[in-house]
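# A closer look at the structure
Each chain, written out:
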Amino acid sequence: MSTHSDSAVKSKASIRLPKHITEHEVIKAEEGWRFTCLAWSPDGRWLAIGEEPTEPTRLEGRVRVRDAVSNQWLSLPEPKGEMLEILALAWHPDSLKLAVGSENDELTVLVLTPNHLKLEWRARVNKLITEAIESGTGHGSVRVWSSKRDLGGFRGIYSIAWSPDGNRLALSGESSFVVLLDGNNGRCLRFFDTGADRNPAVCWVNENQLLTEAEENGSEITSWSLTEGTHSREFL
């Protein structure tokens, strides 16, 4: 699933801006690439763009980050393996880290340094969950909430959200489960079953509450309490 922003910016006539907003610049995808997702950093300086190749013979996606002050693109670490399509991007609250989610359940966290982003850690979500379950209490408890089905496999990462304090990451995607990770090292803290086959979006309300969008016989938004491990309210 892609949201190709480049097709929108090519036709200026289709964009109607409010009177108090003026068009500053149009960024077009390079030849052979198209946009899949984007994210502005909280401080407004960094624009991250996920891209995928237009040629079907190429599978690897890529991330580009632009400095809105100097209009320069930052250099990024070379990807290892196939990132496939980049589906989700999320900036840390301090604007110094970028989380990248791909179609093959791979999560990458990059950290900002002068003139470039360097790799902090990269992991496959399914592997993190498996390691957490197998380790038991050796690496801290892992809470599983209302799991009425087997985990099966966490597939494409559709949505990433940093907690307000920047210590945790919430992930959702092509799976019935929402996963919470330690943002500093990727350790799986807990996961829970929303009861839907697909969860396109997740966001934080506060340190102890999440909102999830679930798709099964329509869309449903649910509020989850992280302290009690239950859903407290549903919004249709």
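Counting restarts for each chain: residues are numbered from 1 in the order of the written sequence. The predicted nature of this model means local features are confined to residues of pLDDT at least 70 and side-chain atom pairs, given and counted, to a pLDDT of 80 or more, with totals for whole chains, interfaces and linings taken over all residues. Remark: hydrogens and water are excluded; side-chain values derive from all non-hydrogen atoms of the structure.

### Quick word on the overall build of the protein chain
Labels follow the DSSP assignment, with helices taken as runs of H or I lasting at least four residues and strands as runs of E lasting at least two, numbered in each case from the N terminus. Of the regular secondary structure elements, the protein chain holds 2 helices and 16 strands. Burial classes: relative accessible area under 20% of the type maximum marks a residue as buried, over 50% as exposed, and values in between as partly exposed (1.4 Å probe, protein chains only). Relative to its 236 residues, the protein chain shows a buried fraction of 45%. Sequence separation of 24 or more characterises 43% of the internal contacts of the protein chain that already satisfy a separation of 6 or more. Here the open area of atoms and residues is found with the Shrake-Rupley method and a 1.4 Å probe, where only the protein chains shown may cover a residue. Of the roughly 12,500 Å² of accessible surface on the protein chain, a fraction of 49% belongs to carbon and sulfur atoms. Here, two residues are considered to be in contact whenever any of their heavy atoms come within 4.5 Å of each other.

### Side note on the nonpolar core
Residues belong to one nonpolar core when they are buried, are Ala, Val, Leu, Ile, Met, Phe, Trp, Tyr or Cys, and are joined through side-chain atoms within 4.5 Å. Within the largest apolar cluster, 22 residues are counted, with the highest numbers of intra-cluster contacts made by Leu 107, Val 125, Ile 160, Leu 169, Leu 171, Val 179 and Leu 181. At the level of elements, strand E4 (86-91), strand E6 (106-113), strand E7 (116-124), helix H2 (125-135), strand E9 (157-162), strand E10 (168-173), strand E11 (177-182) and strand E12 (188-193) are the ones that each hand at least two residues to this core. Broken down by element, the residue count for this core peaks at 4 residues, all from H2. Beyond its immediate chain neighbours, meaning those up to four positions away, Leu 181 contacts Leu 107, Trp 121, Leu 128, Asn 167, Arg 168, Leu 169, Leu 171, Gly 186, Arg 187, Cys 188 and Leu 189.

### As for the pairing of strand E13 (residues 198-206)
Consecutive side chains of a regular strand alternate in pointing toward one face of the sheet and then the other. In short, DSSP must find at least two bridges between two strands for them to pair. Bridge analysis of E13 against strand E14 (residues 209-215) gives 6 bridges, and the strand direction is antiparallel. Counted as the bridge partner of Cys 203 is Leu 211 from E14. Taking the residues between adjacent antiparallel strands as the criterion, E13 and E14 are bridged by 2 residues.

### Re the sheet that holds strand E5 (residues 97-102)
Strand order in the open sheet formed by 4 strands is E4-E5-E6-E7, and the pairing between neighbours is antiparallel. A strand with exactly one partner marks an edge of an open sheet, and here the two such strands are E4 and E7. Across the sheet, the mean angle separating the axes of adjacent strands is 20 degrees when strand polarity is ignored. Of the pairings in the sheet, the one linking E5 to E6 comprises 5 bridges and is antiparallel in character. Note that in E6 the partner of Leu 98 across the bridge is Leu 110. Interaxial angle, 0 to 180 degrees, is taken between N-to-C directions of lines fitted to C-alpha atoms, where a helix line uses only the stretch in contact.

### Some points on the side chain of Arg 64
Relative to the helices and strands, Arg 64 resides in strand E3 (residues 62-67). The class for Arg 64 is buried, based on a relative accessible area of 14%. For this analysis, a polar contact is any N or O atom pair within 3.5 Å, provided that within protein one partner can donate a hydrogen and the other can accept it, and provided that sequence-adjacent residues contribute only side-chain to side-chain pairs. Polar side-chain contacts of Arg 64 include one of 3.2 Å to the side chain of Glu 30.

### Points about the sheet that holds strand E1 (residues 33-40)
Spatially, the 3 strands line up as an open sheet ordered E1-E2-E3, and their pairing is antiparallel. The open sheet has two edge strands with one neighbour each: E1 and E3. Neighbour to neighbour, the strand axes of the sheet diverge by 25 degrees on average, direction disregarded. Bridge count between E1 and strand E2 (residues 46-53): 7 bridges; the pairing is antiparallel. Counterpart to Arg 34 in the pairing with E2 is Glu 52.

### Some remarks on the confidence of the model for the protein chain
For the protein chain, per-residue confidence averages 76 on the pLDDT scale, and 71% of positions sit at 70 or higher. Segment residues 1-15: pLDDT under 50, and 26 contacts once partners within four positions in sequence are set aside and those in other chains are kept. Per-residue confidence from the predictor is given as pLDDT, running between 0 and 100. This model gives residues 137-150 a pLDDT under 50, and the stretch forms 34 contacts once residues within four places in sequence are excluded.

### Notes on the pattern of salt bridges
Side chains that differ in sign of charge can pair as their charged atoms come close. A side-chain nitrogen of Lys or Arg and a carboxyl oxygen of Asp or Glu constitute a salt bridge if their distance falls within 4 Å. Applying the stated rule across the entire model yields 11 salt bridges. Arg 122 is the partner of Glu 106 in a salt bridge, and the nearest nitrogen-oxygen pair spans 3.7 Å. One end of the pair, Glu 106, is in strand E6; the other, Arg 122, is in strand E7, with 16 residues separating them in the sequence. The exposure class of Glu 106 is buried, given its relative accessible area of 9%. Accessibility expressed as a relative area gives 23% for Arg 122, which makes it partly exposed. The partner of Glu 174 in a salt bridge is Arg 198, with the nearest N and O atoms 3.4 Å apart. One end of the pair, Glu 174, is in the loop between E10 and E11; the other, Arg 198, is in strand E13, and 24 residues separate them in sequence. Its relative accessible area of 25% is what places Glu 174 among the partly exposed residues.

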